[in-house]
Amino acid sequence: MTTPADPRLAQIHDKVLAGTRLSFDDGLHLDHHADLFTLGELANIVRERKNGSRTYYNVNTHLNPTNVCVYRCAFCSFRADLKSPSGYVMTDEQIIGRAREATAKGCTELHIVGGLHHQLPYEWYLGIIQNIHREFPNLHLKAWTAVEWDWFERLTKRPTKDLLTEMKAAGLGSLPGGGAEIFHPDVRSKICDYKADADQWLRVHREWHELGGKSNATMLYGHIEQPEHRIDHLVRLRELQDVTGGFQTFIPLAFHPDNNPLGQGIPKPSGLMDLKVMAVSRLMLDNFPHIKAYWQMLGVKTAQVAQSYGADDIDGTVVHETIYHAAGSDSPQEMSVADLRRLIEEAGRIPIERDTLYHEIVRDQPQTTRWQTGRKLVTLN
Ligand code: V47
Ligand code: SF4
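Overview of the structure.

Basis of the calculations
Residues numbered from 1 in each chain as written. Chains lettered and ligands numbered in written order. Predicted model: local features only at pLDDT ≥ 70, side-chain atom pairs only at ≥ 80, totals over all residues. Heavy atoms only, no water. Helix = DSSP H or I, 4+ residues; strand = E, 2+ residues; numbered from the N terminus. Rg over C-alpha atoms; globule rule 2.2 N^0.38 Å. Buried < 20%, exposed > 50% of the residue type's maximum accessible area, 1.4 Å probe, protein only. Contact = heavy atoms within 4.5 Å. Areas by Shrake-Rupley, 256 points an atom, 1.4 Å probe, with all protein chains shown as cover. Lys, Arg positive; Asp, Glu negative; His and termini not counted. Charge placed at Lys NZ, Arg CZ, Asp CG, Glu CD. Pairing = 2+ DSSP bridges. Near = heavy atom within 4 Å. Nonpolar A, V, L, I, M, F, W, Y, C, P; charged D, E, K, R; others polar. Polar contact = N/O pair within 3.5 Å; in protein donor to acceptor, adjacent residues only side chain to side chain.

1. Brief notes about the overall build of the chain
Phase 1: Counting secondary structure elements, the chain contains 15 helices and 13 strands.
Phase 2: Computed over C-alpha atoms, the radius of gyration of the chain comes to 20 Å, within 12% of the 21 Å expected from 2.2 N^0.38 for 381 residues, which places it in the range of a compact globule.
Phase 3: Here the C-alpha coordinates of the chain stretch approximately 60 × 50 × 40 Å along the principal axes.
Phase 4: For the chain, the residues scored as buried account for 59% of the 381 residues in total.
Phase 5: Taking the intrachain contacts of the chain between residues at least 6 apart in sequence as the baseline, contacts between residues at least 24 apart amount to 73%.
Phase 6: When the accessible area of the chain is evaluated, it comes to approximately 15,100 Å², of which 52% is carbon and sulfur surface.
Phase 7: When the 42 positive and 48 negative side-chain charges of the chain are each reduced to one mean point, those points stand 3 Å apart.

Rendered as structure tokens:
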């Protein structure tokens, strides 16, 4: 690529080529002044340095055991009040049925998150992990956001590290990246006051990493936050990653404005903003191995283009997505492996199926329930 004419941008360009860490001010300059092509070219350098031409996907499904929630995050279209007719709590049979369905479809991962129910004890959440793991021990359970862990601590008065240890023994595989929203208190206090704050969110992930676990991180953008809040968020994540190295993937989440109080008068982020946030995230998070363009949230087309703007992961087949569909997402509920692979190839990338921990999976075609992780042949239930 040619050196940008803007001298400040030229400096940043040189830093990226040299693999030198970008500062908070560099990030802000990129967000304010870099054109989309320059951002894409720079982010793609880092993307290909870390992941070559590979784009990862997984075969997964979501489980949201309840939507009843004590909190009222202003952006949330998913939650329901305790007595609301739209509130639900899945039965043990329904939950196990969902895990059975996932396994039958060849899923390697179940992504489990939900509301913080006013009346259900911590043991209910623990039981979900125990029951599914007992029946389907090869299904990776990526469960409970840091906000949920913080809630469990409030419920039990036990330290989160104890709870994480207990649930790990019960079959918990990793932590998803939800609940991070925007860390900066000026924004957080307006969009999700009361729930776990930045320090609590980061502490839960640090403790999980100290136990040897892996986790993801997210950022909800495109609402009332400003570029400095986004860069602050990225720098805080990068600082924790320097200490623990436990984050695998960063997932920027575009705000969906339908059916929630925050969305009144706020349009969906544009495609340009989606790609800009993706690229700046790739450039700032120099110690994160992966950046995910979550197709359910970005839409299939933007997720595909994002593979040239820093992203190297597109998430998975996903069935039963409810959080974004409640907020107006018009993406399909599910995508076949063949469609995922085709759209990755169309983007000029090599599709690689991965498990949650980024081990490559090689399946016989057509899809069967036998898969390989590295050299080890594993048979799913
Ligand atoms: O924390 C809620 C977001 C998150 C809206 O770890 C919204 O692999 C946009 O974290 N518009 C939960 N976003 C989902 C999540 C996630 C998704 C995919 C993969 C992974 C992973 C994690 O969804 C919440 C919140 O930030 N969210 N409402 C909305 N109206
Ligand atoms: Fe509850 Fe999560 Fe929705 Fe916030 S985002 S209201 S914590 S379900």
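2. A few points about the pairing of strand β2 (residues 60-63)
Where a strand is regular, its side chains alternate between the two sheet faces.
Phase 1: Neither face of β2 is exposed, since N60 and H62 on one face and T61 and L63 on the opposite face are all buried.
Phase 2: By the bridge criterion, four bridges tie β2 to strand β3 (residues 109-112) in an arrangement that is parallel. Each bridged residue has a counterpart across the sheet, and for H62 the counterpart in β3 is H111.

3. Things to note about the site of ligand 2
Phase 1: Surveying the vicinity of ligand 2 reveals the residues C69, Y71, C73, F75, C76, F78, R79, L116 and K195.
Phase 2: By residue class, the composition of the shell around ligand 2 is seven nonpolar, no polar and two charged.

4. A closer look at the site of ligand 1
Phase 1: Of all residues adjacent to ligand 1, which total 23 residues, the nearest are K142, G177, G179, E181 and H256.
Phase 2: Contact between ligand 1 and N216: an oxygen atom at 3.0 Å from a side-chain N or O atom of the residue.
Phase 3: One of the backbone N or O atoms of H256 is found 2.8 Å from a nitrogen atom in ligand 1.
Phase 4: Burial of ligand 1 by the surrounding chains reaches 95%, relative to a free accessible area of 620 Å².
Phase 5: Mapped onto the shell around ligand 1, the elements with two or more residues apiece are β6 (215-221), β7 (247-254) and α14 (323-326).
Phase 6: Broken down by class, the residue content of the shell around ligand 1 amounts to eleven nonpolar, eight polar and four charged.

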